[in-house]
Amino acid sequence: MAQKITGPRGTQDVAVSESYKWLLLEEKLRKIVDQYGFKEIRTPTFEHTELFLRGVGDTTDIVNKEMYTFEDKGKRSITLRPEGTSPTVRSVLENGTLNEGLPLKAYYILSCFRYEKPQAGRLREFHQLGIELFGAQDYTADAEVIATAAKILKDLGLQNVKLNINSIGCPNCRPAYHEKLKAYFAEHIDELCQDCKSRLERNPLRILDCKEEKCSRIAENAPIGLNNLCDECKEHFEGLKKTLDAMKIDYTINTKIVRGLDYYTKTVFEFVYDGIGAQGTVCGGGRYDGLFEELGGNHTPAVGFGMGMERLLLTLEAEGISLGEDTRPDIFFANIGEDAKVFAFTMAQKARDEGMRAQSDIMARSLKAQMKYADKIKARYTVVIGDDEISNKSAVAKNMETKEQVTLDFTKSISEQLK
Ligand code: ATP
Ligand code: MG
(Lines give C-alpha, C1' and ligand atoms only; values in the text may rest on other atoms or scores of the structure.)
(Ligands and ions follow the chains in the order given, each with its own letter.)
Protein backbone atom coordinates (compact mmCIF):
# COMPACT_ATOMS: atom_id res chain seq x y z
CA MET A 1 0.00 0.00 0.00
CA ALA A 2 1.29 3.47 -0.84
CA GLN A 3 2.28 5.63 2.10
CA LYS A 4 -0.36 8.07 3.27
CA ILE A 5 0.30 11.78 2.93
CA THR A 6 -0.45 14.00 5.91
CA GLY A 7 -1.54 17.64 5.86
CA PRO A 8 1.22 20.24 6.33
CA ARG A 9 2.16 21.12 9.92
CA GLY A 10 0.03 23.89 11.37
CA THR A 11 -2.92 23.30 9.07
CA GLN A 12 -6.28 21.95 10.11
CA ASP A 13 -8.99 20.02 8.32
CA VAL A 14 -12.62 20.71 9.08
CA ALA A 15 -14.29 17.29 9.00
CA VAL A 16 -17.74 16.87 7.45
CA SER A 17 -19.16 16.23 10.90
CA GLU A 18 -17.63 19.45 12.27
CA SER A 19 -18.17 21.95 9.46
CA TYR A 20 -21.63 22.95 10.66
CA LYS A 21 -19.97 24.70 13.61
CA TRP A 22 -18.10 26.93 11.19
CA LEU A 23 -21.21 27.54 9.11
CA LEU A 24 -23.30 28.50 12.13
CA LEU A 25 -20.56 30.77 13.42
CA GLU A 26 -20.02 32.46 10.06
CA GLU A 27 -23.73 32.96 9.57
CA LYS A 28 -23.98 34.66 12.94
CA LEU A 29 -20.95 36.86 12.31
CA ARG A 30 -22.18 37.93 8.88
CA LYS A 31 -25.55 38.84 10.30
CA ILE A 32 -24.07 41.03 13.03
CA VAL A 33 -21.56 42.91 10.86
CA ASP A 34 -24.36 43.48 8.34
CA GLN A 35 -26.39 45.15 11.12
CA TYR A 36 -23.58 47.71 11.39
CA GLY A 37 -23.50 48.22 7.61
CA PHE A 38 -20.32 46.31 6.77
CA LYS A 39 -20.26 44.76 3.29
CA GLU A 40 -18.11 41.82 2.33
CA ILE A 41 -14.92 42.38 0.36
CA ARG A 42 -13.06 39.48 -1.27
CA THR A 43 -9.41 39.76 -2.16
CA PRO A 44 -6.95 37.19 -3.52
CA THR A 45 -5.15 34.65 -1.36
CA PHE A 46 -1.78 35.92 -2.55
CA GLU A 47 -0.42 39.38 -3.21
CA HIS A 48 2.83 41.01 -4.27
CA THR A 49 5.26 40.67 -1.36
CA GLU A 50 5.85 44.43 -1.48
CA LEU A 51 2.30 45.04 -0.21
CA PHE A 52 3.05 43.40 3.13
CA LEU A 53 6.57 44.80 3.41
CA ARG A 54 5.01 48.25 3.30
CA GLY A 55 1.54 47.47 4.65
CA VAL A 56 2.51 45.38 7.66
CA GLY A 57 5.93 46.89 8.13
CA ASP A 58 9.40 45.43 8.04
CA THR A 59 10.00 45.70 11.78
CA THR A 60 7.20 43.28 12.61
CA ASP A 61 7.38 39.59 13.45
CA ILE A 62 4.98 38.90 10.60
CA VAL A 63 7.31 40.31 7.97
CA ASN A 64 10.55 39.25 9.61
CA LYS A 65 9.70 35.66 10.42
CA GLU A 66 6.26 34.54 9.49
CA MET A 67 5.54 35.14 5.81
CA TYR A 68 5.01 32.46 3.18
CA THR A 69 6.94 34.10 0.37
CA PHE A 70 7.96 32.47 -2.89
CA GLU A 71 8.91 33.31 -6.42
CA ASP A 72 6.32 32.37 -9.01
CA LYS A 73 7.16 31.07 -12.46
CA GLY A 74 7.23 34.63 -13.77
CA LYS A 75 9.94 35.43 -11.19
CA ARG A 76 7.68 37.75 -9.15
CA SER A 77 7.88 37.69 -5.39
CA ILE A 78 4.52 36.52 -4.11
CA THR A 79 3.28 36.17 -0.51
CA LEU A 80 0.30 34.29 0.88
CA ARG A 81 -1.62 36.95 2.83
CA PRO A 82 -0.64 36.95 6.51
CA GLU A 83 -3.51 39.35 7.30
CA GLY A 84 -6.45 41.04 5.63
CA THR A 85 -6.01 44.75 6.26
CA SER A 86 -3.37 45.65 3.70
CA PRO A 87 -5.06 43.65 0.90
CA THR A 88 -8.31 45.49 1.70
CA VAL A 89 -6.62 48.87 1.52
CA ARG A 90 -4.82 47.84 -1.67
CA SER A 91 -8.09 46.78 -3.26
CA VAL A 92 -9.97 49.90 -2.19
CA LEU A 93 -7.21 52.13 -3.61
CA GLU A 94 -6.92 50.13 -6.82
CA ASN A 95 -10.66 50.13 -7.47
CA GLY A 96 -11.40 53.68 -6.33
CA THR A 97 -13.95 52.32 -3.86
CA LEU A 98 -13.61 55.34 -1.55
CA ASN A 99 -15.32 57.43 -4.24
CA GLU A 100 -18.54 55.54 -3.54
CA GLY A 101 -18.94 57.58 -0.36
CA LEU A 102 -17.61 57.63 3.17
CA PRO A 103 -17.45 56.00 5.56
CA LEU A 104 -16.62 52.82 3.69
CA LYS A 105 -17.30 49.72 5.77
CA ALA A 106 -15.80 46.43 4.61
CA TYR A 107 -15.55 42.99 6.21
CA TYR A 108 -14.04 39.67 5.29
CA ILE A 109 -13.84 36.10 6.53
CA LEU A 110 -10.72 34.56 5.10
CA SER A 111 -7.69 32.40 5.72
CA CYS A 112 -4.34 33.90 6.67
CA PHE A 113 -0.94 32.26 6.49
CA ARG A 114 1.86 32.71 8.97
CA TYR A 115 4.89 30.51 9.53
CA GLU A 116 4.56 30.17 13.29
CA LYS A 117 5.20 27.49 15.87
CA PRO A 118 1.93 25.55 15.81
CA GLN A 119 0.03 25.05 19.08
CA ALA A 120 -3.56 25.24 20.25
CA GLY A 121 -4.96 28.48 18.84
CA ARG A 122 -1.85 29.16 16.77
CA LEU A 123 -1.82 27.72 13.28
CA ARG A 124 0.02 28.29 10.04
CA GLU A 125 -3.22 28.63 8.15
CA PHE A 126 -5.91 30.22 10.28
CA HIS A 127 -9.08 32.18 9.66
CA GLN A 128 -10.09 35.69 10.55
CA LEU A 129 -13.16 37.77 10.55
CA GLY A 130 -11.96 41.31 9.89
CA ILE A 131 -13.81 44.58 9.68
CA GLU A 132 -12.33 47.82 8.35
CA LEU A 133 -13.92 51.25 8.59
CA PHE A 134 -12.41 53.87 6.26
CA GLY A 135 -12.78 57.63 6.16
CA ALA A 136 -13.90 58.40 9.72
CA GLN A 137 -11.55 60.30 12.00
CA ASP A 138 -13.99 60.64 14.87
CA TYR A 139 -13.69 58.58 18.06
CA THR A 140 -17.21 57.27 17.51
CA ALA A 141 -15.79 55.24 14.59
CA ASP A 142 -13.34 53.53 16.98
CA ALA A 143 -16.24 52.98 19.37
CA GLU A 144 -18.34 51.46 16.59
CA VAL A 145 -15.62 49.00 15.62
CA ILE A 146 -15.13 48.00 19.25
CA ALA A 147 -18.90 47.79 19.74
CA THR A 148 -19.16 45.44 16.75
CA ALA A 149 -16.65 43.05 18.32
CA ALA A 150 -18.31 43.38 21.71
CA LYS A 151 -21.73 42.61 20.24
CA ILE A 152 -20.38 39.57 18.43
CA LEU A 153 -18.93 38.19 21.66
CA LYS A 154 -22.05 39.05 23.64
CA ASP A 155 -24.44 37.55 21.10
CA LEU A 156 -22.33 34.39 21.05
CA GLY A 157 -22.83 34.20 24.80
CA LEU A 158 -19.18 34.87 25.68
CA GLN A 159 -19.18 36.88 28.87
CA ASN A 160 -15.63 36.23 29.98
CA VAL A 161 -13.76 37.83 27.11
CA LYS A 162 -12.29 41.06 28.42
CA LEU A 163 -11.68 44.25 26.48
CA ASN A 164 -8.38 46.10 26.91
CA ILE A 165 -7.83 49.50 25.32
CA ASN A 166 -4.95 51.90 24.95
CA SER A 167 -3.82 54.82 22.83
CA ILE A 168 -0.39 54.88 21.23
CA GLY A 169 -0.48 58.45 19.95
CA CYS A 170 0.14 59.85 16.50
CA PRO A 171 3.04 61.16 14.38
CA ASN A 172 2.87 64.42 16.37
CA CYS A 173 3.37 63.00 19.83
CA ARG A 174 4.94 59.61 19.25
CA PRO A 175 8.48 60.61 18.20
CA ALA A 176 9.08 62.32 21.54
CA TYR A 177 7.65 59.31 23.38
CA HIS A 178 9.83 56.96 21.31
CA GLU A 179 12.87 58.92 22.41
CA LYS A 180 11.86 58.57 26.05
CA LEU A 181 11.33 54.84 25.58
CA LYS A 182 14.66 54.42 23.82
CA ALA A 183 16.45 56.28 26.58
CA TYR A 184 14.76 54.10 29.20
CA PHE A 185 15.39 50.76 27.49
CA ALA A 186 18.94 51.76 26.49
CA GLU A 187 19.78 51.74 30.21
CA HIS A 188 18.65 48.09 30.37
CA ILE A 189 19.94 46.93 27.00
CA ASP A 190 22.02 44.10 28.43
CA GLU A 191 18.97 42.57 30.06
CA LEU A 192 16.77 42.61 26.95
CA CYS A 193 16.22 39.61 24.68
CA GLN A 194 17.90 39.49 21.29
CA ASP A 195 14.74 40.56 19.44
CA CYS A 196 14.20 43.52 21.72
CA LYS A 197 17.80 44.65 21.32
CA SER A 198 17.10 45.10 17.61
CA ARG A 199 13.67 46.61 18.31
CA LEU A 200 15.27 49.33 20.44
CA GLU A 201 16.41 51.44 17.50
CA ARG A 202 13.66 50.76 15.01
CA ASN A 203 10.54 50.23 17.05
CA PRO A 204 10.95 50.58 20.84
CA LEU A 205 7.17 50.45 21.31
CA ARG A 206 7.22 46.73 20.50
CA ILE A 207 9.42 45.99 23.51
CA LEU A 208 6.38 46.83 25.64
CA ASP A 209 4.53 43.72 24.47
CA CYS A 210 7.44 41.31 24.27
CA LYS A 211 6.37 37.95 25.70
CA GLU A 212 9.83 37.26 27.26
CA GLU A 213 9.59 37.48 31.01
CA LYS A 214 12.80 39.48 31.47
CA CYS A 215 11.64 42.07 28.92
CA SER A 216 8.16 42.45 30.36
CA ARG A 217 9.72 42.93 33.80
CA ILE A 218 11.77 45.82 32.49
CA ALA A 219 8.78 47.16 30.54
CA GLU A 220 6.87 47.39 33.84
CA ASN A 221 8.59 50.65 34.72
CA ALA A 222 8.89 52.10 31.22
CA PRO A 223 7.40 55.54 30.48
CA ILE A 224 3.69 55.23 29.80
CA GLY A 225 2.35 56.23 26.37
CA LEU A 226 -0.93 57.58 27.72
CA ASN A 227 0.97 60.16 29.76
CA ASN A 228 2.73 61.38 26.64
CA LEU A 229 -0.17 62.00 24.25
CA CYS A 230 -0.70 65.31 22.46
CA ASP A 231 -3.95 67.16 23.15
CA GLU A 232 -5.65 65.83 20.03
CA CYS A 233 -4.86 62.20 20.90
CA LYS A 234 -5.84 62.77 24.52
CA GLU A 235 -9.23 64.17 23.48
CA HIS A 236 -9.75 61.34 21.03
CA PHE A 237 -9.09 58.77 23.77
CA GLU A 238 -11.36 60.58 26.22
CA GLY A 239 -14.08 60.64 23.58
CA LEU A 240 -13.70 56.90 22.99
CA LYS A 241 -13.94 56.12 26.71
CA LYS A 242 -16.99 58.36 27.04
CA THR A 243 -18.71 56.58 24.13
CA LEU A 244 -17.86 53.11 25.47
CA ASP A 245 -19.21 54.14 28.88
CA ALA A 246 -22.41 55.41 27.26
CA MET A 247 -22.79 52.05 25.48
CA LYS A 248 -22.07 50.20 28.73
CA ILE A 249 -19.15 48.34 27.21
CA ASP A 250 -16.73 47.33 29.96
CA TYR A 251 -13.03 47.88 29.35
CA THR A 252 -9.69 48.01 31.11
CA ILE A 253 -7.03 50.50 30.16
CA ASN A 254 -3.90 48.50 29.49
CA THR A 255 -0.92 50.68 28.71
CA LYS A 256 1.13 47.67 27.58
CA ILE A 257 -0.94 46.99 24.48
CA VAL A 258 0.77 48.28 21.38
CA ARG A 259 0.40 47.42 17.78
CA GLY A 260 3.92 48.53 17.05
CA LEU A 261 3.56 49.49 13.40
CA ASP A 262 4.30 53.01 12.31
CA TYR A 263 0.95 53.49 10.69
CA TYR A 264 -1.03 52.58 13.81
CA THR A 265 -2.29 55.69 15.54
CA LYS A 266 -4.30 56.47 18.62
CA THR A 267 -6.65 53.61 19.60
CA VAL A 268 -5.46 50.03 19.99
CA PHE A 269 -7.47 47.28 21.64
CA GLU A 270 -7.65 43.56 22.34
CA PHE A 271 -10.33 41.17 23.52
CA VAL A 272 -8.71 38.52 25.68
CA TYR A 273 -9.97 35.23 27.07
CA ASP A 274 -8.09 33.51 29.89
CA GLY A 275 -9.47 30.02 29.46
CA ILE A 276 -7.64 28.83 26.32
CA GLY A 277 -4.06 29.19 27.43
CA ALA A 278 -1.45 31.56 26.15
CA GLN A 279 -3.16 32.23 22.83
CA GLY A 280 -5.98 34.11 24.51
CA THR A 281 -6.24 37.13 22.24
CA VAL A 282 -9.45 36.45 20.39
CA CYS A 283 -9.58 39.81 18.67
CA GLY A 284 -7.09 42.61 18.08
CA GLY A 285 -7.54 45.93 16.38
CA GLY A 286 -7.01 49.62 16.30
CA ARG A 287 -6.75 52.81 14.28
CA TYR A 288 -4.27 53.04 11.43
CA ASP A 289 -4.52 56.50 9.96
CA GLY A 290 -1.17 56.21 8.18
CA LEU A 291 -1.70 53.07 6.11
CA PHE A 292 -3.38 54.55 3.04
CA GLU A 293 -0.50 56.97 2.58
CA GLU A 294 2.00 54.17 3.15
CA LEU A 295 0.36 52.33 0.26
CA GLY A 296 0.33 55.28 -2.11
CA GLY A 297 -3.12 56.73 -1.37
CA ASN A 298 -4.29 60.01 0.11
CA HIS A 299 -4.50 60.45 3.87
CA THR A 300 -7.52 58.36 4.94
CA PRO A 301 -8.37 57.66 8.56
CA ALA A 302 -9.08 53.98 9.20
CA VAL A 303 -9.93 51.67 12.08
CA GLY A 304 -10.61 47.94 12.21
CA PHE A 305 -10.08 44.59 13.91
CA GLY A 306 -9.11 41.00 13.18
CA MET A 307 -10.85 38.22 15.07
CA GLY A 308 -9.37 34.72 15.06
CA MET A 309 -12.04 32.20 14.11
CA GLU A 310 -10.22 29.16 15.50
CA ARG A 311 -9.70 30.96 18.80
CA LEU A 312 -13.34 31.98 18.81
CA LEU A 313 -14.37 28.33 18.38
CA LEU A 314 -11.94 27.22 21.11
CA THR A 315 -13.40 29.86 23.41
CA LEU A 316 -16.96 28.76 22.68
CA GLU A 317 -15.97 25.18 23.41
CA ALA A 318 -14.18 26.12 26.64
CA GLU A 319 -17.32 27.97 27.75
CA GLY A 320 -19.53 25.03 26.81
CA ILE A 321 -21.52 27.07 24.29
CA SER A 322 -23.10 25.40 21.27
CA LEU A 323 -24.43 27.54 18.43
CA GLY A 324 -26.83 24.86 17.29
CA GLU A 325 -26.92 21.47 15.67
CA ASP A 326 -26.05 20.11 12.27
CA THR A 327 -28.86 19.78 9.75
CA ARG A 328 -30.56 16.38 9.42
CA PRO A 329 -32.60 14.81 6.62
CA ASP A 330 -36.34 15.45 6.65
CA ILE A 331 -37.06 12.14 5.02
CA PHE A 332 -35.42 8.85 4.01
CA PHE A 333 -36.97 6.66 1.30
CA ALA A 334 -36.09 3.00 1.87
CA ASN A 335 -36.82 0.32 -0.74
CA ILE A 336 -37.58 -3.35 -1.13
CA GLY A 337 -36.62 -4.66 -4.56
CA GLU A 338 -35.01 -3.42 -7.73
CA ASP A 339 -37.93 -1.37 -9.10
CA ALA A 340 -38.58 0.20 -5.72
CA LYS A 341 -34.94 1.24 -5.49
CA VAL A 342 -35.23 3.42 -8.59
CA PHE A 343 -38.69 4.63 -7.58
CA ALA A 344 -37.47 5.64 -4.11
CA PHE A 345 -34.68 7.51 -5.82
CA THR A 346 -37.19 9.55 -7.85
CA MET A 347 -39.29 10.23 -4.73
CA ALA A 348 -36.27 11.63 -2.93
CA GLN A 349 -35.71 13.91 -5.90
CA LYS A 350 -39.37 15.04 -5.81
CA ALA A 351 -39.03 15.85 -2.11
CA ARG A 352 -35.87 17.88 -2.78
CA ASP A 353 -37.68 19.80 -5.51
CA GLU A 354 -40.20 20.71 -2.83
CA GLY A 355 -37.36 22.07 -0.71
CA MET A 356 -36.93 19.11 1.66
CA ARG A 357 -33.71 17.40 2.74
CA ALA A 358 -34.22 13.91 1.37
CA GLN A 359 -32.16 10.78 0.87
CA SER A 360 -32.63 7.29 -0.49
CA ASP A 361 -30.46 4.19 -0.56
CA ILE A 362 -27.52 4.30 -2.96
CA MET A 363 -25.61 1.44 -1.33
CA ALA A 364 -27.93 -1.39 -2.45
CA ARG A 365 -28.37 -2.30 1.23
CA SER A 366 -30.87 -4.68 2.79
CA LEU A 367 -34.01 -3.07 4.24
CA LYS A 368 -32.72 -3.65 7.75
CA ALA A 369 -29.44 -1.94 6.94
CA GLN A 370 -31.27 0.93 5.25
CA MET A 371 -33.36 1.53 8.37
CA LYS A 372 -30.28 1.40 10.53
CA TYR A 373 -28.72 4.02 8.29
CA ALA A 374 -31.83 6.24 8.38
CA ASP A 375 -31.57 6.10 12.15
CA LYS A 376 -27.91 6.98 12.09
CA ILE A 377 -28.40 10.06 9.95
CA LYS A 378 -31.37 11.04 12.18
CA ALA A 379 -33.94 11.26 9.37
CA ARG A 380 -37.16 12.77 10.72
CA TYR A 381 -39.39 10.54 8.59
CA THR A 382 -38.78 7.19 6.89
CA VAL A 383 -40.84 5.71 4.08
CA VAL A 384 -40.53 2.10 2.92
CA ILE A 385 -41.34 1.58 -0.76
CA GLY A 386 -42.13 -1.81 -2.31
CA ASP A 387 -44.14 -2.95 -5.35
CA ASP A 388 -47.52 -2.27 -3.63
CA GLU A 389 -46.54 1.28 -2.78
CA ILE A 390 -45.52 1.89 -6.37
CA SER A 391 -48.83 0.65 -7.79
CA ASN A 392 -50.92 2.40 -5.09
CA LYS A 393 -48.95 5.65 -5.51
CA SER A 394 -49.03 5.80 -1.75
CA ALA A 395 -46.93 4.79 1.27
CA VAL A 396 -46.72 5.28 5.02
CA ALA A 397 -44.29 7.86 6.37
CA LYS A 398 -43.19 7.17 9.90
CA ASN A 399 -42.09 9.93 12.23
CA MET A 400 -38.96 8.48 13.82
CA GLU A 401 -39.34 10.43 17.03
CA THR A 402 -43.08 10.26 17.77
CA LYS A 403 -43.62 6.98 15.84
CA GLU A 404 -46.69 8.71 14.39
CA GLN A 405 -47.68 7.50 10.89
CA VAL A 406 -48.89 9.54 7.94
CA THR A 407 -50.20 8.02 4.71
CA LEU A 408 -48.53 9.82 1.83
CA ASP A 409 -50.16 10.31 -1.55
CA PHE A 410 -47.26 10.41 -4.03
CA THR A 411 -49.27 12.44 -6.52
CA LYS A 412 -49.44 15.31 -4.04
CA SER A 413 -46.83 17.48 -2.37
CA ILE A 414 -44.85 15.44 0.17
CA SER A 415 -43.78 18.43 2.20
CA GLU A 416 -47.40 19.66 2.50
CA GLN A 417 -48.58 16.26 3.77
CA LEU A 418 -45.86 16.15 6.43
CA LYS A 419 -46.44 19.64 7.78
P1 ATP B 1 -0.65 37.01 18.61
O2 ATP B 1 -0.15 38.02 19.57
O3 ATP B 1 -1.52 35.95 19.26
O4 ATP B 1 0.42 36.43 17.73
P5 ATP B 1 -1.24 38.90 16.55
O6 ATP B 1 -1.04 40.22 17.17
O7 ATP B 1 -0.17 38.34 15.69
O8 ATP B 1 -1.65 37.79 17.65
P9 ATP B 1 -3.21 39.89 14.70
O10 ATP B 1 -2.27 40.05 13.58
O11 ATP B 1 -3.72 41.07 15.41
O12 ATP B 1 -2.61 38.86 15.77
O13 ATP B 1 -4.45 38.99 14.22
C14 ATP B 1 -5.76 39.14 14.74
C15 ATP B 1 -6.25 37.88 15.40
O16 ATP B 1 -6.04 36.74 14.57
C17 ATP B 1 -5.56 37.52 16.68
O18 ATP B 1 -6.09 38.24 17.74
C19 ATP B 1 -5.86 36.04 16.80
O20 ATP B 1 -7.16 35.83 17.31
C21 ATP B 1 -5.80 35.59 15.37
N22 ATP B 1 -4.49 34.99 15.04
C23 ATP B 1 -3.33 35.62 14.79
N24 ATP B 1 -2.36 34.75 14.48
C25 ATP B 1 -2.92 33.51 14.54
C26 ATP B 1 -2.46 32.17 14.32
N27 ATP B 1 -1.21 31.94 13.94
N28 ATP B 1 -3.33 31.14 14.49
C29 ATP B 1 -4.62 31.37 14.85
N30 ATP B 1 -5.12 32.59 15.06
C31 ATP B 1 -4.30 33.66 14.92
MG1 MG C 1 1.38 36.98 15.99
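Preceding this section is the structure that the text describes.
Quick summary incoming for the structure in this document. Here the residue index of a chain counts from 1 through its sequence in written order. Chain A is the first chain written and ligand 1 is the first ligand written, with later ones labelled in order. Per-residue local features of the predicted model are confined to residues with pLDDT of at least 70, and side-chain atom pairs are confined, for both listing and counting, to 80 or more; whole-chain, interface and lining totals are unaffected and use all residues. The side-chain quantities take in all heavy atoms of the structure and omit both hydrogens and water.

1. Comments concerning the overall build of the protein
Short version of the rule: Strands are runs of DSSP state E lasting at least 2 residues, helices are runs of H or I lasting at least 4, and numbering of each runs from the N terminus. The globule rule used for comparison is 2.2 Å times the number of residues to the exponent 0.38, while the radius of gyration itself is calculated over C-alpha atoms. Only protein chains enter the accessibility calculation, which uses a 1.4 Å probe; a residue is then buried when its area is under 20% of its type maximum, exposed when over 50%, and partly exposed in between.
Helix and strand counts for the protein stand at 15 helices and 16 strands. Relative to the 2.2 N^0.38 estimate, which gives 22 Å for 419 residues, the radius of gyration of the protein is 28 Å and therefore markedly larger than a compact globule would have. Based on the C-alpha atoms only, the size of the protein along its principal axes is roughly 90 × 55 × 40 Å. When each of the 419 residues of the protein is scored for burial, the buried share is 49%.

2. Concerning the environment of Gln119
This is how the line gets drawn: Under this definition, polar contacts are N or O atom pairs within 3.5 Å; protein pairs additionally need one hydrogen-donor-capable and one acceptor-capable atom, and for neighbouring residues in sequence, both atoms have to be side-chain atoms.
One can find Gln119 in the loop between strand 5 (104–113) and strand 6 (125–134). Residue class for Gln119 comes out partly exposed when judged on its relative accessible area of 38%. Along the primary structure Gln119 and Ala278 are separated by 159 residues, whereas in three dimensions their C-alpha atoms are 9.7 Å apart. One polar contact links the side chain of Gln119 to the main-chain carbonyl oxygen of Lys117, over a distance of 3.1 Å. Among the polar contacts listed, one links the side chain of Gln119 to the side chain of Gln279, at a separation of 2.8 Å.

3. Looking at the side chain of Thr267
Basically, it comes down to this: Every residue pair with non-hydrogen atoms within 4.5 Å of one another is taken to be in contact.
The residue Thr267 is located in strand 9 (residues 265–273) in this model. In this structure the side chain of Thr267 is engaged in a polar contact, spanning 2.7 Å, whose partner is the side chain of Asp142. If we ignore the near neighbours within four places in the chain, the residues touching Thr267 are Asp142, Ile146, Asn166, Ser167, His236, Leu240, Gly286 and Arg287.

4. With respect to the nonpolar core
Note the following rule: Take the buried Ala, Val, Leu, Ile, Met, Phe, Trp, Tyr and Cys residues and link them wherever side-chain atoms come within 4.5 Å; each set so joined is a nonpolar core.
Membership of the largest hydrophobic core comes to 50 residues, with the highest contact counts inside it found for Leu129, Ile152, Phe269, Phe271, Phe305, Met307 and Leu312. The element that contributes the greatest number of residues to this core is helix 5 (residues 139–155), accounting for 9 residues. Residue contacts for Phe271: discarding those within four places in its chain leaves Ile146, Ala149, Ala150, Leu153, Val161, Lys162, Leu163, Gly280, Thr281, Val282 and Cys283. Counting 46 residues, the second largest nonpolar core, distinct from the first, contains Ile62, Val89, Tyr177 and Phe185.

5. So, the pattern of salt bridges
Filter applied, for reference: Salt bridge, as used here: a side-chain nitrogen of Lys or Arg that lies within 4 Å of a carboxyl oxygen of Asp or Glu.
This model, assessed by the stated rule, comprises 31 salt bridges. For Glu354, the salt bridge identified is with Lys350, shortest N-O distance 3.2 Å. A relative accessible area of 26% places Glu354 in the partly exposed class. One salt bridge connects Lys412 with Asp409, and the closest N-O pair in it is separated by 3.9 Å. Using a relative accessible area of 25% as the deciding quantity, one classes Asp409 as partly exposed. Each of Asp61, Lys65, Asp195 and Arg199 takes part in one network of salt bridges that share partners.

6. Some points on the environment of Lys154
The residue Lys154 is located in helix 5 in this model. Judged by relative accessible area, Lys154 falls into the exposed class, the value being 64%. Considering only alpha carbons, one finds Lys154 and Lys350, 196 residues apart in sequence, at a separation of 42 Å.

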